[in-house]
Structures are given as C-alpha cells and as structure tokens.
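What follows is the residue order along each chain.
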Amino acid sequence: MRALAIAQRELSSMFASATGWLVLTGFLAVAGLFWSLSLAAYVDYSQQAMVTPYLASQLDMTEHLISQYFGSIGILFVFICPALSMRLFAPEVANRTLELLLTSPVSTADIVLGKFLGALGFTATMLFATAPFPLMLWQWGNPDLGAFVTGYLGTLLLAGALLSMGMLASAFTRSQIVAFMLAIAGALILWVLQAMGTDSWQAELAVVPHAQDMWRGIVRLSDLTYFAAFIGFFLFATHQRVEAHRWS
Amino acid sequence: MELMHRFSWVFAAIGALCGVVFLSLVYLYGGVTDEARYIGIFGAVAFVGFALLDREQLSEGANSRAGQRGLVSVLLVGVVAFIAIFGYRIARDHDERWDWTGAKRFTLSDESTSVAAGLQRPVTIKAFFAEGSLEGKRFEELTEGYVNASDKLTVEMIDPVKNPIEAERWDIVVETGTVVIVAGEDEQRLEARFDETSLTEALIRLESGEDHLLCWAVGYGEADPDDDREADGYGFAVIRLEGRNYTVKKLKLPVEGIAPDCEALLVVRPTIDWLPNAREALAAWIGGGGRALVMLEAGATPELAADMERYGVLMADDLVLEDSPEHRQAGVDPSSLLLFEENFESHPITAPLHGVIDLSYARSVDVDPEAEGVMARRLLSSSPYAWAETNFDDPALIGPNEGEKQGDVGLAVAVEVLDPTALDVSTEPQAAPALEGLEGAPPTLPSLVAADWSAKPGGRLVVIGDSFPGSNVGVYRGNNGDFVYNSIAWLLDAEDELTERPNEAENQLLNLSAIQQGLVVLISMFFLPGFAALLALITLVRRRRL
C-alpha cells in the first residue's frame, strides 16, 4: 500500500508540473504523426489492392498497420523511458533527499516499487492517450481488436522493462544526464541484439522480439515470463543499490 | 612497481575497451569469431592485471563493512539473475501460446486440423531454412498446431548451410527456404509460400490419390481461368483448386459440347449470350446427372439467365443494391454487398461458413416455387435493407420502388434434379436467333447433345448471381473462396471438403474518403497533442499563480 502511495505521489508530481504535460504533448504529436503516416500508407495500399489481385491476397491490417504502429511506439519508448527513469533516483541522491526518504517509515522495496509504478503509470497514461487511434480505425475499418489489446499490453511491458533498467542506472549515479546515457545505451544494446538471428541467445536477451508477437495478437507464456523476469531482476538490483545507501 | 600501481586504471580502461570491441565484433559477425575471442581474452587479462595491481585497495574495500555488504548484494543479484534466467528457460521450454486475434488468425483452421488428424501414414516435414531466419521461425510455429493434431506428423528443421549433404539429398536449391513433405515414396514441395493454406493443400495432395476434372466453359466471353494478373481473372481460384487435386480443363462449349469425362462444368461470367444449342447442351448435361456451377453477372446474357427457369431458378434483369452501410463494403458502395452469417441460408454449402461473403454488382437469383422435378434451395440472401433495382435509365428513380424485390433478396440457389424429364431437353438441332438486318429463315444450329443421351436423375446445379467471389480480387475476401470451393465440393458430393478453409487474408481493405483522412490527421496530430498542450499551459499558469 505504501508503494502505491509513493506511486501516486510520483504520478501526481509528473502532472503537477508542465513538464509532464509537455512530454505527453510531444509523445502524442510524434505518435499521431506515425499513426497518420501509417494509416495513409495503408489506405493507399488498400486502394491498390482493390485492383491488384496479388496485393489483395497480401493485405493484412494487423501486420501492415497495427503491428507497425506499435513498433514505432516501441522506438519512441527507447528514448522516452530513459528520460522518465533518469529522474527517479539520481536527483534524490544529488539533492541528498534520498537519505530523508530512507529514514522515513517506508521500506526500500516500497520506495523502489512505488517509483517504478509511478513511472509506469505515467507511461501507461501516455500510451492509453492514443486510444482514439484504434477507435477511429474501428469506426471506419475492420481492425482486429484483440491485436490492439495485446499490442498495448506488449508495448506497456516493453516500457516497463526499459523503465526498470533505467531506474537501476538512475540509482547508480547522482547525474541525471549520466543516468539517461546509461539507460539509453542499455536500451539500444537490447534493441540491436535482435539483429543477431531469431534463435541466438543474444536475440533471446533482446527485448523487442518478446513484444513483437504481442503486437500481432499473440501472447506467449515465454514472453510474459521474460518481461516478468527482466523487470523483477532490475527492480531487485535497484533495491540492492538503494539499500546500499543505508550502510554506505 | 609504483608507476604501474599509479597507472593501474589504464589496465581497467584497456579491459573495458576490449570488452566493448568484443561485444561489437560479436554483434557484427553474429557470433564469437577468433578475433573476438582473442580480444576478449586480452581484455580479461587486463582486468585481472588491474585487480592484481590494485589488490590491496580492493582487499581493503572487501574487508570493510560496506565491502562485505556489497559482496553479499552482488551475490544476491547474481542469484536473482540466475532464477530469472532459469524461470525464463522453463517457460520457453514449455511455452504456451494464446491467439487473441478476433479471427483466430494464428490458430489452425478446422480444415487444417482435420487434414492433419486424418493422416493415414507417417509424414515427415523437412523444413530447410537458414538457422534463425524469421520465415523458418514462423513456419516452425505454424507446424506446432499440425503436430499437436496428429501423432503421425514429425517436423525436422534443417539448415541447408550446416547440413549440405541433407540439402543435396533433397535437391534444395532455393536459398530463401524449401519445405519437403515426405510420406513413404511420395513427396510434395513448398518453395514460395509457407503459409497454412499451402501446407494444408500439400498434405491433401500427398494423402489423396483422387483427382477431380473440372471443365471450364469457354467460347462465350467467360472469365479467364489462367489470368492471375487482372482483378476479374480467375487464376488465383484455379491455382487453389489445383492445389487440392482438382484439374481444370478448358472446354470449347460451342464446338465440343460437354465432354462426358467432366465431373463438373464451370460457367463463369459469360459476356456473350449462349446460343440455344449450348443452352440445350447444359440442360442435357444437368438432366443426364451432370453437375454445373453457373455464375452470371448483372445485365449479361439475358437468354441464358432466363433459361435458368427450367431448373427452378429465377434470375431477373436487375442489380441488387444495399441501403444499409453496415452491409456495404467500406460503408460506401451500395452495389458492394456484405453478407454475414445471418444471410447464409441453411445448406451443406453454407453450413461451415461463419465469416463474410462479399458480392459486387450482383443480380437477384431466387427459387421458383412452382418449378417441378427439381428441388431448389436458396443459399444466400441480402440484408433486409437491400433491393433489386430494375431501373437503369433514370437516376432519379433509383431506390426501392413498387414492383422491385425489397429485403432478403435471393442471391444464389442450389438445385438438385429429381425428375430430369421436367427439364424438357431437346436433342434436335436448334434454330439460331434471328439477327437484325438478315432476311430469310435463321440458320440451324447443330445439336451439342449426344444422340444417345438419356435422362438420369441426380443432376446438381449451383447458380450465383455474381462472379466476384471467385475472382482474383474477391477470392481472398472473407468466406468468398470458401463459398465457391464448397459449391464445387457439393456438386461433386465431396462432403469432406465442405469446410471453412484457412485464409491468411481476411477482409482487410480500408477505404477512407478525403474527409475521413483529414479527420485522422486533425485528431491524431493536432487535436490530441493540442489538448495535452492546453493542459500543460493551464498547469503552468496555475503554478505561477501559487
């Protein structure tokens, strides 16, 4: 419950300043641009398919529109999540407010979990603010609702993974810039690992392939476990790092 | 030694640099090359050197309280990492998959499951794909469902580069992937498409020794069964039929009549009206126990359409238009009809279908309640909001008018001939229709009916008031292809082929008007971000006031 209270405080602080809203504005503008371009390309493709039999047989809204759109949002999160996570611990260390927090009657686990949930809540708010996009498509076309549901789930889990990693980076330094750079380097490494073939251990470690099936409407136990293990590991590592401040 | 101690950080830097280069090489070459290995070892040695040079400081740190807690912390993190990896490995080895798509696009169709379950002998699928290729991974995923449905099916994923002997043995030349399906001495190959349809059809071909001969009537401007380029061609449908052990042969009806070895006659979208002797040949074929599928477009071949009456089928000179946007393609075109499950009448052809049938420029087809000697049943009906438009001259009159069929308009009919004499077949030569400008008696057309023709019950006929469902551009939409293939299967009494087939391309078209596209841009790029920006502004102003 204390973790939830901290999460609520984190989330409120995001929206209490104009910065949170501006981040949301920027995200919606770029996501909207991606959506408009993807939709225009798909409509064009559809019109060609009306008269070109081969295209008609290949046309697939889930693969060519929904999955692509969530892929674009995933790329955005590679940059947004480190920016959100960098401020979770680094400024507290720099301003020496972490000591205050650690002396308050909340456990380190509550602090770590609360800050993570707060950041994830903000990411979820950003993500679900794009809900009018699928609603528009639903009004005019025949999209697969299930693919949208799993697409949002996959993207949220991807964001969770990136935030947890960024949070660890933030706990290791007092500089937000360093935390941002560390987190973005980690995110990019996890992103490019997928290029090493689908069966290699590197690709299994990569974060995106575990979200890709969800962007297509498939949920796998292995992918859910991957995200749970990934997030769990980084939250635990962050917990250990923050705990170190108690006895250092 | 003092100097080395002072610059011990250089060893650490070299170690870190080597680590980065090592990772980069592994990324670039997709594995640990010799160079990467040497650099990695060098980096590790550099780190060991750093540890040895700074051992006193490190030891001091390790012996301190903080150092010991730190060590415990590192060990705990290591244990958690092990648990995380171990847990993931267990989940991966016992993976479960849930298909959340509305149309269950990643779940095997009933037909594929039934084909796999019905395998009579051991079948091995040898899939030659480069290790780690996306196409190979997708194919392996696809085969999971087949393997679960049959204990006679085994799948071998083979990398032709790593197993050149096996690749040569099976004559693998296509680099992008080849699938060889082997059962005893028989084999089938897939070299271009590796989807569910292709695999299921290959298994059907492998298991079924039975071939069906379909005769495609030509000579009156029919659709081209070889055309796989134009939207109205029938090449795609024919390719799929051939993938299921059907042979499609062109038949020059005006000169050859209907060959007795045909199992079914396909009459698809003739644009020139049939002459009387051809119409009698069709009647003799049906009356002699033959089977035929007739697809006639609105406004074409009025004589042939009128002649359907002898089979208990009424085809009017009309065009079915839809008033309800929900039953129109993209909600726009009234001549493009979307028929849902509630529009499918009860019949073995339509019973397995649960999707959408998409018709375009269809004419009405209905059952003649007064017909004798035949049992005709409606297959498809329009929505209650459609009507059969008969006025093509005055646009002002277009709309449901008195005398026009309104609501639940018939669009396809299936007929079984009980008493062939009711068809009133003539084996005599027929008089040609009189032509304008030609004086004298019209010439006589030779009979296309064999002199020893005899009536035989059991003839079957399916009449559809549109040819769009089987056309290249229409066959992949919803249940369109299934409807045509099921019609043919019903004609041939092939009950096991009456099913809903896998379809990789459901109705996926998205047509937006310019206004709708503008609205998308307005909402996505301006309205939503603008709303968030407004809230940012309000927050900023509020904070300044505080």
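Residues numbered from 1 in each chain as written. Chains lettered and ligands numbered in written order. Predicted model: local features only at pLDDT ≥ 70, side-chain atom pairs only at ≥ 80, totals over all residues. Heavy atoms only, no water.

What follows concerns the sheet that holds strand β13 (residues 333–339) of chain B. All names here are of chain B. Spatial strand order, β12-β13-β14: 3 strands in an open sheet with antiparallel pairing. What marks the edges here is a single partner per strand, and that holds for β12 (328–329) and β14 (357–360). Bridge analysis of β12 against β13 gives 2 bridges, and the strand direction is antiparallel. Along β13, the bridge assignment pairs Q329 with D333. (Pairing = 2+ DSSP bridges. Helix = DSSP H or I, 4+ residues; strand = E, 2+ residues; numbered from the N terminus.)

This part covers a nonpolar patch on the surface. The grouping of L135(A), W138(A), L145(A), V149(A), W98(B) and W100(B) at the surface amounts to a nonpolar patch, some 630 Å² of accessible area in total. Mapped by element, the contributors of at least two residues to the nonpolar patch are α7 (132–140) and α8 (145–171) of chain A. If you trace the backbone, W138(A) turns up in helix α7. According to the relative accessible area criterion, W138(A) is partly exposed, its value standing at 49%. (Patch = residues over 30% accessible without salt bridge, like charges linked within 9 Å, V, L, I, M, F, W, Y side chains within 5 Å. Areas by Shrake-Rupley, 256 points an atom, 1.4 Å probe, with all protein chains shown as cover. Salt bridge = Lys/Arg side-chain N within 4 Å of Asp/Glu carboxyl O. Buried < 20%, exposed > 50% of the residue type's maximum accessible area, 1.4 Å probe, protein only.)

The next point concerns the sheet that holds strand β16 (residues 374–381) of chain B. All names here are of chain B. With mixed pairing, the 7 strands of this open sheet are ordered in space as β7-β6-β8-β9-β21-β18-β16. The sheet is open, and its two borders are formed by β7 (246–252) and β16, each paired with just one other strand. The average angle at which neighbouring strand axes cross in this sheet is 20°, direction not considered. By the bridge criterion, 5 bridges tie strand β9 (residues 291–295) to strand β21 (residues 460–464) in an arrangement that is parallel. Within β21, the residue paired with L293 across the bridge is V462. Contacts from helix α14 (residues 480–491) reach β6 (212–218), β7, β8 (264–268), β9, β16, β18 (410–417) and β21 within the one sheet, and its direction differs from that of β21 by about 160°. (Axes fitted to C-alpha atoms, helices over the stretch in contact; angles between N-to-C directions. Contact = heavy atoms within 4.5 Å.)

All names here are of chain B. Taking 1.5 Å of rise per residue, the 32 residues of helix α15 (residues 514–545) would be expected to cover 46 Å, and the 44 Å separating its terminal C-alpha atoms lies within 8% of that figure. Of all the bends found along α15, the most pronounced is centred on I523 and spans about 40°. For α15, every residue scored as buried is listed here: V520, S524, L528, P529, A532, A536 and T539. (Expected span 1.5 Å × (residues − 1). Bend = angle between axes of the 7 residues up to and from the residue.)

Let us look at the packing of helix α1 (residues 2–16) of chain A against helix α6 (residues 108–128) of chain A. Residues and elements named next belong to chain A. It is at 7 Å that the axes of α1 and α6 come closest, and there the two elements cross at 45°. One way to sum up the angle between α1 and α6 is to call them oblique. By crossing handedness, the relation of α1 to α6 is classed as right-handed. Residues R2, A3, L4, I6, A7, R9, E10, L11, M14 and F15 of α1 pack against D110, I111, L113, G114, K115, L117, G118, A119, G121, F122 and T125 of α6. Taken together, the residues of the contact of α1 with α6 sort by class into 12 nonpolar, 4 polar and 5 charged. (Parallel < 35°, antiparallel > 145°, perpendicular 65-115°, else oblique. Left-handed = near helix turned anticlockwise from the far one by under 90°. Nonpolar A, V, L, I, M, F, W, Y, C, P; charged D, E, K, R; others polar.)

Looking now at the confidence of the model for chain B. On average, residues of chain B score 85 in pLDDT, and 93% of them reach the 70 mark or higher. Across the predicted assembly, pTM comes out at 0.66 and ipTM at 0.88. (pLDDT = per-residue confidence, 0-100.)

Turning our attention to unusual backbone geometry. Most peptide bonds are trans, and most residues other than glycine sit at a negative phi. Residues and elements named next belong to chain B. At Y361, a residue that is not glycine, the phi angle is positive and equals roughly 55°. Tracing the sequence through the fold places Y361 in the loop between β14 and β15 (365–367). Even without a glycine there, the phi angle at D424 is positive, about 55°. Its place among the elements puts D424 in the loop between β18 and β19 (430–431).

Turning to the side chain of T124(B), a few remarks are in order. Residues and elements named next belong to chain B. For T124, the position within the fold is in strand β2 (residues 123–128). Polar side-chain contacts of T124 include one of 3.4 Å to the side chain of T154. Setting aside its immediate chain neighbours within four residues, T124 contacts T154, E156, V180, I181 and V182. (Polar contact = N/O pair within 3.5 Å; in protein donor to acceptor, adjacent residues only side chain to side chain.)

What follows covers the interface of chain A and chain B. The partner chain B presents 70 residues to the 72 residues of chain A that form the contact. In total, chain A and chain B occlude about 6,200 Å² of area from one another, counting both sides; carbon and sulfur atoms represent 65% of this. Where chain A meets chain B, there are 2 salt bridges. The partner of E141(B) in a salt bridge is R220(A), with the nearest N and O atoms 3.2 Å apart. Our count for the chain A to chain B interface comes out at 10 residue pairs in polar contact (both at pLDDT 80 or more). No other element matches helix α2 (residues 18–51) of chain A, which puts 20 residues into the side of chain A that touches chain B. Two elements, strand β1 (residues 218–220) of chain A and strand β1 (residues 97–99) of chain B, share 3 bridges in a ladder whose sense is antiparallel. Bridging from a neighbouring strand, V219(A) pairs with W98(B) of β1(B). (Buried area = accessible area lost by both parts, 1.4 Å probe.)

Within an α-helix, residues lying three or four positions from one another point in the same direction, as the helix has 3.6 residues per turn. All names here are of chain A. Over its 34 residues, helix α4 (residues 61–94) extends 48 Å from the first C-alpha to the last, a length consistent with the 50 Å expected when each residue adds 1.5 Å. The largest bend in α4 amounts to roughly 35° and is located at F77. Of all 34 residues in α4, 26 are buried; the element is thus mostly enclosed. Among the residues trailing α4, R96 stands out with phi positive, at a value near 60°.

To continue, consider the pattern of salt bridges. Taken as a whole and judged by the stated rule, the model has 30 salt bridges over all chains. Between E303(B) and R279(B) there is a salt bridge, and its shortest N-O distance comes to 3.9 Å. Of this pair, E303(B) sits in helix α13 (residues 302–307) while R279(B) sits in helix α12 (residues 276–287); the two residues are 24 residues apart in sequence, bridging distant segments of the chain. Taking relative accessible area as the criterion, R279(B) reaches 13% and is therefore assigned buried. Of the charged contacts in the structure, one is a salt bridge between D358(B) and R477(B), with a shortest N-O distance of 2.9 Å. Highlighted residues: D358(B) in strand β14 and R477(B) in the loop between β21 and α14, separated in sequence by 119 residues. Where salt bridges share partners, they join E63(A), D213(A), R216(A), R220(A), D95(B) and E141(B) into one cluster.

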